[in-house]
Amino acid sequence: MGTRMKTMLSYYAKLAGGTWEDGQPLTPEKAETAKKELLIQIGFFQHERLIHLIVTVLFAVLTVITLLANLFLQEPLLLVLSLLFLVLLIPYIRHYYLLENGVQKLYEYYDAL
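These notes cover the structure that comes with them. All values reported here derive from a predicted model rather than from experimental measurement.

Turning our attention to helix H1 (residues 2–16). With 15 residues, H1 should reach 21 Å at 1.5 Å per residue; the first-to-last C-alpha distance of 21 Å fits that figure. Among the residues of H1, those classed as buried are Met-5, Met-8, Leu-9, Tyr-12 and Leu-15. Around the axis of H1, the buried residues are gathered within 125° of arc, so they sit on the same side. Opposite the buried face of H1, at more than 90 degrees from it, the exposed residues are Thr-3 and Lys-6. Tucked inside the fold, the buried residues of H1 contact helix H2 (28–73) and helix H3 (76–112). Of the residues trailing H1, Gly-18 is marked for its positive phi of about 100°.

Under the criterion given, the structure shown has 2 salt bridges. Its salt-bridge partner being Arg-49, residue Glu-100 comes within 3.2 Å of it at the nearest N-O pair. With Glu-100 in helix H3 and Arg-49 in helix H2, this residue pair connects regions lying 51 residues apart in the sequence. Between Glu-108 and Lys-105 there is a salt bridge whose closest N-O contact spans 3.3 Å. One end of the pair, Glu-108, and the other, Lys-105, are both in helix H3, 3 residues apart, so they sit about a helical turn from each other. Classification of Lys-105 as partly exposed rests on a relative accessible area of 34%.

Definitions and cut-offs
- Residues numbered from 1 in each chain as written.
- Predicted model: local features only at pLDDT ≥ 70, side-chain atom pairs only at ≥ 80, totals over all residues.
- Heavy atoms only, no water.
- Helix = DSSP H or I, 4+ residues; strand = E, 2+ residues; numbered from the N terminus.
- Expected span 1.5 Å × (residues − 1).
- Buried < 20%, exposed > 50% of the residue type's maximum accessible area, 1.4 Å probe, protein only.
- Arc of directions from axis to C-beta.
- Contact = heavy atoms within 4.5 Å.
- Salt bridge = Lys/Arg side-chain N within 4 Å of Asp/Glu carboxyl O.

Take a look at the structure:
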């Protein structure tokens, strides 16, 4: 999904700059078509962002619960489990960060079109 977001951002950055993909100036009709396509892409990315927010929050809650349980129970397996959750949480946070910032940038491109 990160590659797709980067592709969309570069594509719509050109369009927001006023040029079509073949270097021609952007006409109002082409701009309207691009806005409709952009709205569809934004919808896809919003859905993806919501799913990743839910997963990220779930992993954050599980990490905190296992860390607290490890403080009280002091089991070595709980420490391993909390470390595994933490290792998974970091990429989820990074991916959600990219999605969130990418969608915000797509909003700006929509406004520019």
